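Chains, contacts and geometry: an overview
Listed here are the chains, written in short residue letters.
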Amino acid sequence: TTLSFTLDPQNVISAIDPRLFGSFIEHLGRAVYTGVYEPEHPQADEDGFRQDVIELVKALHVTTVRYPGGNYVSGFNWRDSIGPKEERPVRLDYAWISKETNQFGIDEFARWCEKTGVEPMIAVNLGTGTPQEAGYFAEYCNHPGGTTLSDLRIQHGRREPYNFHLWCLGNEMDGPWQTGQMNAKEYAIKARETAKILRCIDPQAQLVACGSSSSAMTTFPEWDRIVLEELYDYVDFISCHQYYENEGSETDFLASFVNMDNFIETIVSTANYAKAVRRSNKDMMISFDEWNVWYLRGDPWDAPMKDPANRFRVAPPLLEDRYSFLDALVMGGLLCSLLNHADRVKMASLAQLVNVIAPIFTEPGKGALCQTLFWPFEMVASVSDGVVLRHQLPVPTFTSKYGDARSVQSSVVYNEARGEIYLFAVNCDFTTSFELDINLPAFSDCRLKEHKVLRSDDLYAKNTFDDPNRVSPDIIDYPHGSLRENTVTLAPLTWNRITL
Ligand code: AHR
């Protein structure tokens, strides 16, 4: 089947905010301890950070990292995580029924971000926490000095403020699993008062309100409407969270991007409605700050933790999903959804980054591995510093539980400075190859430069320490090197990046 379509450099959806390629590290399982922080590891640096992991995070081209949770943040006391390590308390973590040593805290996270070259995104506790405590936390972190809390930071060895400017106002406060769950109105009022304090301390602060923690919540999208109407003038972003898993139908699973498209479009509509109610001139942006494949049903996290033998362990192995080639294809489709909504989705966080539902997997004391998921993210994030172009691939659709899904989910990025176009595409069809006939009338002498593909003859192939590159990208050889002489083919069940 041949697909003919035209690309026009003027037909721009939006410039891409680099923060679309963020990720997330929570105090959960082995994300922090033996993930990013392992002082006894042979490759640990003077701060105890695993340098092998830092190198992989850099290679992934992650731009922001959300911290310290997640569900964890709703019982987190920031004061436990500052000052001399030997004086920090050991606490029970209510979210993950674990023991928290606080040996990695705010200062360590800030240093790790500086070494890794990522921007921190800090969540405040609006579960057990108060607006006042969130303010004290921001003052400790960002105020230059001359107050008790800012001087305490200086006394702890950090003269310059951390200058955290991205703040999440709590986490998933609509969820019954959340410590301190509230209804939408209660949350909105608490978040509004917190926003006032944070903006007073840091006029540059960019604030994210909790949206629905999944489009399957019974309160969706009413939660978002109420929160947005109350908070519209106080925040810059509303969050979306959504995880996908293979529930038995590979076809439905491959169509996950339809759900993400619909979720984003519903939140955009809800935000636009709130904009009208508030008589505002501002567009509310989306922070899709938790998204991924997560085998939530197959591997409920609470079962191992509720086993008396496993309760309240330090850094127990939790949510350590091992990803397949099929999971990577699904991720490709989701990345295209985020890109195609780059006009409203300005930030996103792949949840999470290391060990916990993550593209990077470590063994304590030993190596680190790129899971299959690493590759689609890397293939997009490493080149997507341009604009997204609108395009129309005339593809057939297939039926899924989310409704009709396009057989090829795709996105096009144009970087004018480099003179390069990138077409990202996942072919969800099990048998059909699609040949692309790309018309580029407005681009002078654009030639096919590279076709990178993620492919496997086994949908369930995984990367392991014995076979770490089993699922990794290949470059397809086009002998004549020119579009006019070659046809670009999307083979069945492949993830592709075509550079022109
Ligand atoms: O990422 C794992 C968990 O998923 C987070 O802690 C929570 O916010 C979400 O439910």
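Thresholds, definitions, all that
- Residues numbered from 1 in each chain as written.
- Predicted model: local features only at pLDDT ≥ 70, side-chain atom pairs only at ≥ 80, totals over all residues.
- Heavy atoms only, no water.
- Buried < 20%, exposed > 50% of the residue type's maximum accessible area, 1.4 Å probe, protein only.
- Helix = DSSP H or I, 4+ residues; strand = E, 2+ residues; numbered from the N terminus.
- Pairing = 2+ DSSP bridges.
- Contact = heavy atoms within 4.5 Å.
- Near = heavy atom within 4 Å.
- Polar contact = N/O pair within 3.5 Å; in protein donor to acceptor, adjacent residues only side chain to side chain.
- Areas by Shrake-Rupley, 256 points an atom, 1.4 Å probe, with all protein chains shown as cover.
- 1 Å grid on protein atoms, 1.4 Å probe; cavity = no way out; pocket = protein on both sides within 12 Å on 5 of 7 lines; lining within 4 Å.
- Sits in = over half its atoms within 2 Å of the grid points.
- Points joined across faces, edges and corners; volume = space filled by probe spheres on them.
- Nonpolar A, V, L, I, M, F, W, Y, C, P; charged D, E, K, R; others polar.
- Core = buried A, V, L, I, M, F, W, Y, C linked by side-chain atoms within 4.5 Å.

Our focus in this paragraph is the pairing of strand β21 (residues 434–439). Of the two faces of β21, the one lined by F434, L436 and I438 is fully buried and the one lined by E435, D437 and N439 carries no buried residue. Bridge count between strand β1 (residues 2–6) and β21: five bridges; the pairing is parallel. Residue pairing for β21: T6 is matched across the bridge by N439. In terms of strand pairing, β21 meets strand β24 (residues 488–490) through three bridges, oriented antiparallel. Within β24, the position partnered with F434 by the bridge is L490.

All right, on to the environment of Y37 then. Relative to the helices and strands, Y37 resides in the loop between β3 (22–24) and α1 (51–60). Judged by its relative accessible area of 8%, Y37 falls in the buried class. The sequence separation of Y37 and F104 amounts to 67 residues, and the corresponding C-alpha distance is 7.4 Å. Each residue touching Y37, except ones within four places of it in the same chain, is listed here: V32, D47, G48, F49, K85, Q103 and F104.

The next subject is the site of the ligand. The local shell around the ligand consists of F24, E26, G70, N71, W96, N171, E172, Y243, E290, W294, Q352 and I357. A distance of 2.6 Å is found between an oxygen atom of the ligand and a side-chain nitrogen or oxygen belonging to E26. In this structure, Y243 approaches the ligand through a side-chain N or O atom, which is 2.8 Å from an oxygen atom. Contact with the protein chains hides 97% of the accessible area of the ligand, taken as 280 Å² for the molecule alone. Applying the majority rule of atoms within 2 Å of the grid points places the ligand in the largest pocket.

So, about empty space enclosed by the protein. Taken as a whole and assessed by the stated rule, the structure comprises two cavities of 30 Å³ or more. Each pocket or cavity is described by its volume, and for the largest cavity that value is around 80 Å³. For the largest cavity, the full set of lining residues is H27, L28, G29, A31, V32, Y33, D93, S98, K99, E100 and A315. With three residues, strand β6 (residues 98–100) is the single largest residue contributor to the lining of the largest cavity. Looking at the lining of the largest cavity residue by residue, the class counts come to five nonpolar, three polar and three charged. Approximately 40 Å³ is the volume found for the second largest cavity. Lining the second largest cavity, in full, are R66, C168, G170, N171, E172, V208, A209, C210, S239, H241 and D289. Residue assignment for the lining of the second largest cavity shows that the elements contributing at least two residues are β9 (206–209) and β10 (237–244).

So, about the nonpolar core. In this structure, W112, Y187 and W291 are the most contacted members of the largest nonpolar core, which totals 148 residues. Among the elements that line this core, the one with the most residues is helix α10 (residues 325–340), at 11 residues. Excluding residues within four positions of it along the chain, Y187 makes contact with L126, L169, M173, M182, A209, C210, W223, V227 and L231. L393, L423, L436 and C446 belong to the second-largest nonpolar core, a separate cluster that totals 24 residues.

Here we come to the layout of surface pockets. Here the largest pocket defines a volume of roughly 720 Å³. Lining the largest pocket are 36 residues; nearest its centre among them are S214, Q242, Y243, L296 and R297. For the lining of the largest pocket, the secondary structure elements donating two or more residues are β10, α7 (250–254) and α8 (256–277). When residues of the lining of the largest pocket are assigned to their parent elements, the largest contribution, three residues, is made by β10. Class assignment for the residues of the lining of the largest pocket results in 16 nonpolar, 11 polar and nine charged.

Treat this as a map of the structure, not an account of what it does.
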